[in-house]
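# An overview of the molecular structure
Now for the letters of each chain:
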Amino acid sequence: MPNIALELGKRATSFGVTSAYGEQQDVDGVRIVPVALTWAGFGGGSDEQGNGGGGGGGYTLPLGAYIRRGDDLRFDPNLVSLLAVGIPFVWVAGRALSRVIRALKK
């Protein structure tokens, strides 16, 4: 049976910058580099009899793209992702802040 930690290590080499920045695309003289926020986690284990298992998972949130037209370089955000993350974050932060204020008033 292969060592799970070694297998996960081999597969994790493709993570990092290559998962956060996509391959450059050229469209009608405009260069586009997609950008994402990524994270992943893995785990594994085995017992004395050699029974083992492992698993993992990851998530990717597209943030936007760097766009180059001639000498002009700018970042164009993905507004759908920004709203998908921003609205729940603002709700949770507001709820937590209201509870802190309520606790301080007592």
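For the structure given in this document, a descriptive report is provided here. Everything numeric here is computed off the predicted structure, so don't read it as measured data.

In this section: the environment of G44. With respect to the helices and strands, G44 occurs in strand β2 (residues 30-46). The exposure class of G44 is exposed, given its relative accessible area of 59%.

Taking 1.5 Å as the rise per residue, helix α3 (residues 79-105) with 27 residues should run 39 Å; its terminal C-alpha atoms sit 38 Å apart, in good agreement. Sitting at the head of α3, N78 places a side-chain oxygen 3.2 Å from the backbone nitrogen of V80.

In this section: the pattern of salt bridges. Inspection of the entire model under this criterion finds two salt bridges. A salt bridge links D76 to R74, with the nearest nitrogen and oxygen atoms 4.0 Å apart. Judged by its relative accessible area of 34%, D76 falls in the partly exposed class. When its relative accessible area of 33% is taken as the criterion, R74 is described as partly exposed.

What follows concerns the packing of aromatic side chains. In total, this model carries one aromatic pair according to the counting rule given. Judged by centre distance (5.2 Å) and plane angle (65 degrees), the ring pair of Y66 and F75 falls under edge-to-face. In this structure Y66 comes out as partly exposed when scored by relative accessible area, which is 33%. With a relative accessible area of 35%, F75 lands in the partly exposed category.

Rules behind the numbers
- Residues numbered from 1 in each chain as written.
- Predicted model: local features only at pLDDT ≥ 70, side-chain atom pairs only at ≥ 80, totals over all residues.
- Heavy atoms only, no water.
- Helix = DSSP H or I, 4+ residues; strand = E, 2+ residues; numbered from the N terminus.
- Buried < 20%, exposed > 50% of the residue type's maximum accessible area, 1.4 Å probe, protein only.
- Expected span 1.5 Å × (residues − 1).
- Polar contact = N/O pair within 3.5 Å; in protein donor to acceptor, adjacent residues only side chain to side chain.
- Salt bridge = Lys/Arg side-chain N within 4 Å of Asp/Glu carboxyl O.
- Phe/Tyr/Trp six-rings, centres within 6.5 Å; stacked < 30°, edge-to-face > 60°.

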